[in-house]
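Listed below are the residues making up each chain.
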Amino acid sequence: MLNTPRSRRGMVTSPHHLASEAGLRVLREGGNAIEATLAMAASLPVVYPHMNSIGGDGFWLISAGGKPPIAVDGCGAAAQAATVEFYKGKGLSAIPSRGPLAANTVAGTLSGWAEVIAINKEMGGKLPLSRLVEDAAWSAENGFAVTATQQELTETKFAELKDSPGFVDTFLLGGKLPKEGQLMKLPALGATLKRLGQHGPMDFYTGALAKEIAADLARCGSPVTLADLAAQKAQRRQALSVAVKGATLYNFPPPTQGLASLMILAIFERLGVKEAETFEYLHCIVEATKQAFLVRDRIVGDPALMEEKAEHYLTSATLDGLAANVNRKRALPWPVPVNPGDTVWLGAVDKDGIAVSFIQSIYFEFGSGCVLENSGIVWQNRGSSFLLDGDGPRALRPGRKPFHTLNPAMALFDDGRRMVYGNMGGEGQPQSQSAVFSRYAMYGQGLQAAITAPRWLLGKTWGDATVTLKLEDRFDPAVVQAMRDAGHDIEILPAFTSTMGHAGAVVRHADGMFEGATDPRSDGAAMGF
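Report follows, based on the coordinates. (Residues numbered from 1 in each chain as written. Predicted model: local features only at pLDDT ≥ 70, side-chain atom pairs only at ≥ 80, totals over all residues. Heavy atoms only, no water.)

1. Regarding unusual backbone geometry
Cis peptide bonds are those with omega within 30 degrees of zero, and the linkage from Pro-254 to Pro-255 qualifies with 20 degrees. Considering the arrangement of structural elements, one finds Pro-255 in the loop between strand S9 (247–251) and helix H13 (258–270). One non-glycine residue, Phe-366, lies in the positive phi region at around 65 degrees. Relative to the assigned elements, Phe-366 resides in the loop between strand S11 (355–363) and strand S12 (409–413). Classification of Phe-366 by relative accessible area gives buried; the value is 0%. One non-glycine residue, Phe-496, lies in the positive phi region at around 55 degrees. With respect to the element layout, Phe-496 can be found in the loop between strand S16 (490–493) and strand S17 (503–508). Note on Phe-496: relative accessible area 35%, which makes it partly exposed. (Helix = DSSP H or I, 4+ residues; strand = E, 2+ residues; numbered from the N terminus. Buried < 20%, exposed > 50% of the residue type's maximum accessible area, 1.4 Å probe, protein only.)

2. So, the sheet that holds strand S1 (residues 6–7)
Reading across from one edge, S1-S18-S17-S13-S12-S9-S8 is the order of the 7 strands in this open sheet, with antiparallel pairing throughout. Edge strands, defined here as strands with exactly one partner in the open sheet, are S1 and strand S8 (240–244). Judged from the 4 bridges that link them, S12 and strand S13 (residues 418–423) form a sheet pairing that is antiparallel. Paired with Ala-409 across the bridge in S13 is Tyr-421. Packed on one face of the sheet, H13 meets S8, S9 and S13 and runs near 10 degrees to S8. (Pairing = 2+ DSSP bridges. Contact = heavy atoms within 4.5 Å. Axes fitted to C-alpha atoms, helices over the stretch in contact; angles between N-to-C directions.)

3. Quick word on the nonpolar core
Counting 86 residues, the largest nonpolar core has Trp-60, Trp-113, Phe-204, Ile-213, Leu-229, Trp-379 and Leu-396 as the members making the most contacts within it. Element by element, the count of residues in this core is highest for helix H2 (residues 33–47), at 11 residues. The contacts of Phe-204, once residues within four sequence positions are left out, are Ile-54, Ala-107, Leu-110, Leu-196, Leu-209, Ala-210, Ile-213, Leu-229, Ile-377 and Trp-379. Counting residues in each nonpolar core, the second largest holds 63 residues, with Leu-249, Leu-319, Met-483 and Ile-490 among its members. (Core = buried A, V, L, I, M, F, W, Y, C linked by side-chain atoms within 4.5 Å.)

4. A closer look at helix H4 (residues 109–122)
The first and last C-alpha atoms of H4 sit 20 Å apart over 14 residues, in line with the 20 Å expected at 1.5 Å per residue. With 11 of 14 residues buried, H4 lies mostly within the body of the structure. Of all the positions in H4, only Thr-109, Leu-110, Ser-111, Gly-112, Trp-113, Ala-114, Glu-115, Val-116, Ile-117, Ile-119 and Asn-120 are classed as buried. Two residues or fewer past H4, Gly-124 is found with a positive phi of approximately 95 degrees. (Expected span 1.5 Å × (residues − 1).)

Nothing here speaks to function; it is geometry throughout.
In structure tokens:
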């Protein structure tokens, strides 16, 4: 897709076209952007199961009437039994990334749904959850086509997933690895979605479904118990914000890396780059990323344990100082840890101006790999990011929240535009957000063009945990050489590689015109009417 789709009555976008269609159907029926997003959020765990699940975490930004957004934190905490002693008693020096011992935090995304449903009622929303899960349940029970990325990730990650309880029975077809275009059904998950539609999202934590989930987790060998589930509750939080020329940017506070996403754009703006797609543009935005990531990795974790406030790093004086650290000719050496992750971002804006930016994840592709026998839920491995040593904001303790790569983005422009945007892909999320926003808002590129354009990645989403600066092969060779000459350790990747993640955006203009965009690297669609 090279052109930006436009409409007059609403717009949705997600990384799978069937999820986008589910959201659009809600808008056509008179539902609002919150309800459309819930419909997409229910569909993606079915049709994009390698990327997310209701067994993960989720974060929302919701704005109405052009006001600053409400932030909804659907992050689960570490189980009471998930202690350092628990893991070291098993002879482990680090938390495994797969299997039952990686499934050590409560899945918080449905508690976020519950809080968002309450907000929706406050805003006049009327569609019941039973209606919003219809398309998702139908696809789970009647089948959906396996995508190329599901085939690829099932194949490449099978060795580390095959021993996780329930994985082989759920995600292989006839005992064989699935192929693109084959029909897959997830009947247990479909039944669970219907139950949630009837009894509400909190049935996952305190109802009959919770008891079933806890029993399945126990059979798997996860430390998460019924008491842990019952303690889960989403929170309404204040979004982080920073001003750039012509707009105020919003993102999610810790334990997410939303701070880094805001810092990149605010630092980059201070560097005064005149033209996109040049050496100066690419070098400066990558160097701004490094400055933001250094702060992120030093301070961000469970907000209750952070010794510095994220807001301090969004003050003009601090940002000015960080921008002054950027060498406009030479690359800062970059041997730092990387943060993997697999996620979906989705967004919607409706005719009344309600704007929603939402992201949900199970961390790695297929999460822990554990599929609960009765409910068909894939459980996340977000808690594998906890550290077993020390006592900083990322150290494992019962009840602590893990560090999150997830961060949904929103911009409210001075001219009345409202923009929701985001990206899946671990380290790539804030980088692709900076690419999309800067190209669209700072340099005037079309919304779809800003997402289609070649992207970069410092760190990783999928694949080897390398610290190279990865560039799609569509960049100008002269720019690539200039980046090498400046000291960047460049790795060239194929055009439109999924390694760069799946971005999306929706903009509502002051005159009521909508624009949407989806990522050609995904299976998604931007749909309006």
